[in-house]
Protein chains: 2
Amino acid sequence: MKKRPARLSDVARAAGVSLATASRALAGSDLVLPDTRERVRNSAALLGYVPHGAARALASRRSRTIGAVLPTIDNPIFASATQALSRALANASYTLLLASHEYDPQAEVAVTRALIERGVDGLVFVGVDHAPQLFHELSRADVPCEPVWALDPGGFHHCVGFANREASARCAQHLLDLGHRRFAVLSGSLQHNDRARERVAGVRAALASRGIELPAERVVETPFSLGGGRGGLRALWQRLGRDGFTGLVCGNDLIALGALIECAAQGVSVPGALSVVGFDDIELSAEFSPALTTIHVPSADIGRFAAERLLSRLAGKRVPRMQEIPVELVVRGSTARAPRRL
Amino acid sequence: MKKRPARLSDVARAAGVSLATASRALAGSDLVLPDTRERVRNSAALLGYVPHGAARALASRRSRTIGAVLPTIDNPIFASATQALSRALANASYTLLLASHEYDPQAEVAVTRALIERGVDGLVFVGVDHAPQLFHELSRADVPCEPVWALDPGGFHHCVGFANREASARCAQHLLDLGHRRFAVLSGSLQHNDRARERVAGVRAALASRGIELPAERVVETPFSLGGGRGGLRALWQRLGRDGFTGLVCGNDLIALGALIECAAQGVSVPGALSVVGFDDIELSAEFSPALTTIHVPSADIGRFAAERLLSRLAGKRVPRMQEIPVELVVRGSTARAPRRL
DNA sequence: TTGTACGCGTTATCAT
DNA sequence: ATGATAACGCGTACAA
């Protein structure tokens, strides 16, 4: 009862054609008579033929597979981008191979290598800052890759993202414009994270242009999570005092929301005693705090564009080397009340 | 300058052994002299040899690849499970192929087929309720699969998850114990989602045991998001009035949090006028609302177990057909009794 | 327009 | 312990 899965040769025989013709027919080649094509397709359907990807990949030297190497999937920041990526790929009959390295550059090299062994036709990375060894492997494997979420200052790699530094500077500038002069930053871990570093650098640059310094003690690194935001804010308060700063720039949504929650828990009014700005990767901010000013990052676009660019390149089309995604400072009203404790 | 990538035959020649020996050496077989093995490994490293996955898969009939078919990656509910899955697989030199269908059963069949074509050695699904066609394809392809996040009432499939219905009944029971008698439910979309349906059924069962009915008008379907929670609660209030219900059961975290946010925005005290319980898939609740009672779902465990089970089965070991993950009702303080009037 | 035949890079089965 | 060689299933020049 357990039949051997049908192979292309079975389909060919059933349709009364040769292997080559069967192959062409199923590939939709124009070289076969429409009539023949139908016949082949019918027998394929009848036999429940499922192409054998490995054999196809071996012969065609293409796997119809794209790899994505993320720091982690568990961070909602990357979820919508990954979803969009996967969707766009599926539309083009490509499939996504996913790997994560949890901010460990060694692990990143390892998982990337695993993807290369799987024969991915292209790769998506997060950020442009990677172990040199990674680039060696990439170039030797000759796999087109597309870093996202950041731009390559050197203009060396293809990439699609936005200028984290400038965006973050706009956040700080917004606070400056509101009259704030004492600042603090809640950042994600800066190690092995060029996006986070750029964002801090942006704040520093904006403040510097007004002669304000941002010493290291005013920057707290904390996990990318609500708990991280809460704990980070407590750490800042402990270090600098409750009125050590009135303007707070957060590295991303989850941290910003955590900070807001901590404010609510401590009875600190926002905006008021404290004004918070941050990056809105995941669009939670709008719902949670209509008062929160954010840089809105269209994560889904990033994923979609990455897919489109990669597929275009595989198809031999040329794409602009660098694609800058416009990001927008969303000021959600300054009079909104602080979030309540729930 | 662009060298052809090194093949196994190159390694073999460089090491002065045959193809077969080289293969065995790199596979770590005990049948080769330790000395020979070293020699082979050295030349492999020297040449920068990278195994060709497709060829290996073709010859060995194994891709060292596992597929996961999710409703969507964009929902944080699935993120930590997927992360855990990916991590566990990577540890065993497996890679994750990811696909999503956005709650469309047709799409689910299509993407699953795509994964099967890619030659996945195993598959993970969400829930046990799928198009019959899906099971046809699966059995014909003879791919072991592991539904997660639910248990199979028929005991037909392997699976790892928990009893959504009973868990949800515990939520409702908790509210009953607090004296609540008027209920409403904010569910995710019920269509093509057995988990959501089971959760509603659980509430209904618990209430029925106290002679309380839950007519359809008291159940609102809303997107799995904060916005969905907010909008859904508004819809319920509009339909049933502000004091049409004092106990609210939410289908998951995001919805529950959205509801809480809406309460805050409308000045409704929680717990007080309203008591909310829900599923805590993503552990936001603890940070956000120390008062929220939830069923805590250890998503990461689900992913890890799915990986372990699948890999065990591939290794020929037997695993218990069904694995029930314990879930826990977490009462986070200030339990609200039902309001004392009428 | 269709068929023949070779190659893709590995693993696995025999011998030795 | 190692080597020769036949699969593995498909794509694609090249021939017809």
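Here the structure is a predicted model, which is why all the values come from computation and not from measurement.

What follows is about the overall build of chain A. Scanning chain A from N- to C-terminus turns up 13 helices and twelve strands. Here the C-alpha atoms of chain A give a radius of gyration of 25 Å, more than 25% beyond the 20 Å that 2.2 N^0.38 yields for 342 residues. Its C-alpha atoms put chain A at 85 × 45 × 35 Å along the principal axes. Residues counted as buried form 58% of the 342 residues belonging to chain A.

This part covers the protein's contact with DNA strand D. Close contacts around DNA strand D come from 23 residues, with Leu-8 and Tyr-49 of chain A together with Thr-21, Thr-36 and Arg-61 of chain B the closest. Among the atoms of DNA strand D close to the protein, meaning within 4 Å, 68% are from sugar or phosphate groups. Between a phosphate oxygen of DNA strand D and a main-chain N or O atom of Ser-18 of chain B, the distance comes to 2.8 Å. For the surface near DNA strand D, the element with the most residues is helix H4 (residues 53–60) of chain A, which contributes four residues. Taken together, the residues of the surface near DNA strand D sort by class into twelve nonpolar, six polar and five charged.

Counting residues at the interface gives 52 residues for chain A, matched by 54 residues for chain B. Here chain A packs against chain B, burying approximately 4400 Å² in sum over the two surfaces, 57% of which is carbon and sulfur. Viewed at the interface, chain B and chain A are joined by two salt bridges. Glu-102 of chain A is paired through a salt bridge with Arg-87 of chain B; the nearest N and O atoms lie 3.0 Å apart. For the pair chain A and chain B, the number of links is 24 residue pairs in polar contact (both at pLDDT 80 or more). Elements that contribute at least two residues to the side of chain A that touches chain B include exactly H4, helix H5 (76–91), strand S2 (95–100), helix H6 (105–117), helix H10 (226–240) and helix H12 (285–288) of chain A. The residue inventory of the side of chain A that touches chain B, partitioned by class, reads 22 nonpolar, 14 polar and 16 charged. In this sheet, strand S2 (residues 95–100) of chain B lies alongside S2 of chain A in antiparallel orientation, the contact comprising three bridges.

Residues and elements named next belong to chain A. Spatial ordering of the open sheet is given by S7-S6-S8-S9-S10-S12, a layout of six strands whose pairing is mixed. The sheet is open, and its two edges are formed by strand S7 (219–221) and strand S12 (328–330), each paired on a single side. In this sheet, adjacent strand axes meet at a mean angle of 20° when their direction is disregarded. Judged from the four bridges that link them, strand S6 (residues 183–187) and strand S8 (residues 247–250) form a sheet pairing that is parallel. The partner of Leu-186 across the bridge, within S8, is Cys-250. On top of the sheet, H10 reaches S6, S7 and S8; it is set at about 145° to S6, its chief contact.

Turning to the domain arrangement of chain A, a few remarks are in order. Domain assignment breaks chain A into domain 1 (8–51), domain 2 (65–162 + 298–326) and domain 3 (164–295). The gap between the C-alpha centroids of domain 1 of chain A and domain 2 of chain A is 35 Å.

Turning next to the pattern of salt bridges. Oppositely charged side chains are able to pair whenever their charged atoms sit close together. All names here are of chain B. According to the stated counting rule, one finds 30 salt bridges over all chains in the structure shown. A salt bridge links Arg-4 to Asp-10; the shortest N-O distance between them is 3.0 Å. Among the residues examined, Arg-4 registers a relative accessible area of 49% and is labelled partly exposed. The shortest N-O distance in the salt bridge between Asp-35 and Arg-39 comes to 3.9 Å. With a gap of four residues between them, Asp-35 and Arg-39 both fall in helix H3 (residues 34–47), about one helical turn apart.

Next up on the list: the packing of helix H10 (residues 226–240) of chain B against helix H11 (residues 253–266) of chain B. Residues and elements named next belong to chain B. Interaxial distance between H10 and H11 falls to 6 Å at its minimum, and their mutual angle equals 60°. Judged by the inter-axis angle, H10 sits oblique to H11. Crossing angle aside, the handedness with which H10 passes H11 is right-handed. In contact with Leu-226, Gly-229, Arg-230, Leu-233, Arg-234 and Trp-237 of H10, H11 contributes Leu-254, Ile-255, Leu-257, Gly-258, Ala-259, Ile-261, Glu-262, Cys-263, Ala-265 and Gln-266.

Ranked by size, the top nonpolar core spans 99 residues in total, and within it Trp-149 of chain A together with Trp-149 of chain B carry the most contacts. Element by element, the count of residues in this core is highest for helix H13 (residues 299–314) of chain A, at seven residues. The next biggest cluster of nonpolar side chains, apart from the first, holds 30 residues, and it includes Phe-125 and Cys-145 of chain A together with Leu-134 and Cys-145 of chain B.

Right, let's get into the protein's contact with DNA strand C. Around DNA strand C lies a shell of 25 residues, among which Thr-21 and Arg-61 of chain A together with Leu-8, Ser-23 and Tyr-49 of chain B are the nearest. Sugar plus phosphate: this is where 67% of the atoms of DNA strand C within 4 Å of the protein reside. Residue Thr-21 of chain A places a side-chain N or O atom 2.7 Å away from a phosphate oxygen belonging to DNA strand C. Taking Thr-36 of chain A, its side chain carries an N or O atom lying 2.7 Å from a phosphate oxygen of DNA strand C. Mapped by element, the contributors of at least two residues to the surface near DNA strand C are helix H2 (19–27) and H4 of chain A together with helix H2 (19–27) and helix H4 (53–60) of chain B. Residue composition of the surface near DNA strand C, by class: 14 nonpolar, six polar and five charged.

Once chain A has been moved 0.0 Å along the axis and rotated by 180°, it coincides with chain B to within an RMSD of 0.1 Å. Here the two chains are linked by the operation of a two-fold rotation axis.

So, about the pairing of S2 of chain A. Here is the key point about a regular strand: its side chains alternate between the two faces of the sheet. Residues and elements named next belong to chain A. Taken across its six residues, S2 has six buried, putting it largely inside the fold. On S2, burial covers both faces: Thr-95, Leu-97 and Ala-99 on one face and Leu-96, Leu-98 and Ser-100 on the other are all buried. Strand direction decides the pairing type here: strand S1 (residues 65–70) and S2, joined by six bridges, are parallel. Residue pairing in the sheet places Val-69 in a bridge with Ala-99 of S2. With respect to chirality, the unit in which S1 leads through H5 into the neighbouring parallel S2 is right-handed.

This paragraph deals with the sheet that holds strand S12 (residues 328–330) of chain B. All names here are of chain B. Taken in spatial order, the six strands make up an open sheet running S7-S6-S8-S9-S10-S12, and their pairing is mixed. A single partner strand is all that each edge strand has here, and the edge strands are strand S7 (219–221) and S12. For this sheet the average axis-to-axis angle between neighbouring strands, irrespective of direction, equals 20°. As paired elements, strand S6 (residues 183–187) and S7 share three bridges and run parallel to each other. In the strand pairing of S7, Val-185 is matched with Val-219. Along the sheet face, helix H9 (residues 194–208) touches S6, S7, strand S8 (247–250) and strand S9 (275–280) and points at about 170° away from the line of S6.

Residue and element names in this part refer to chain B. When you tally the buried positions in strand S3 (residues 122–126), you get five out of five residues, the bulk of the element. Going residue by residue along S3, you find Gly-122, Val-124 and Val-126 tucked away on one face and Leu-123 and Phe-125 tucked away on the opposite face as well. Pairing of strand S1 (residues 65–70) with S3 involves four bridges; the strand directions are parallel. Residue Ile-66 lies in a different strand from S3, and its bridge partner there is Gly-122. In this structure, S3 lies alongside strand S4 (residues 145–148), joined through four bridges in parallel fashion. Residue pairing for S4: Val-126 is matched across the bridge by Val-148. Assessed by its sense of winding, the connection that carries the chain from S3 through helix H7 (residues 132–141) to S4 is right-handed.

Conventions we followed
- Residues numbered from 1 in each chain as written.
- Chains lettered and ligands numbered in written order.
- Predicted model: local features only at pLDDT ≥ 70, side-chain atom pairs only at ≥ 80, totals over all residues.
- Heavy atoms only, no water.
- Helix = DSSP H or I, 4+ residues; strand = E, 2+ residues; numbered from the N terminus.
- Rg over C-alpha atoms; globule rule 2.2 N^0.38 Å.
- Buried < 20%, exposed > 50% of the residue type's maximum accessible area, 1.4 Å probe, protein only.
- Near = heavy atom within 4 Å.
- Polar contact = N/O pair within 3.5 Å; in protein donor to acceptor, adjacent residues only side chain to side chain.
- Nonpolar A, V, L, I, M, F, W, Y, C, P; charged D, E, K, R; others polar.
- Contact = heavy atoms within 4.5 Å.
- Buried area = accessible area lost by both parts, 1.4 Å probe.
- Salt bridge = Lys/Arg side-chain N within 4 Å of Asp/Glu carboxyl O.
- Pairing = 2+ DSSP bridges.
- Axes fitted to C-alpha atoms, helices over the stretch in contact; angles between N-to-C directions.
- Domains from an automatic or database assignment.
- Parallel < 35°, antiparallel > 145°, perpendicular 65-115°, else oblique.
- Left-handed = near helix turned anticlockwise from the far one by under 90°.
- Core = buried A, V, L, I, M, F, W, Y, C linked by side-chain atoms within 4.5 Å.
- Least-squares fit on C-alpha atoms with pLDDT ≥ 70 in both.
- Right-handed = clockwise from strand over helix to strand, strands pointing away.

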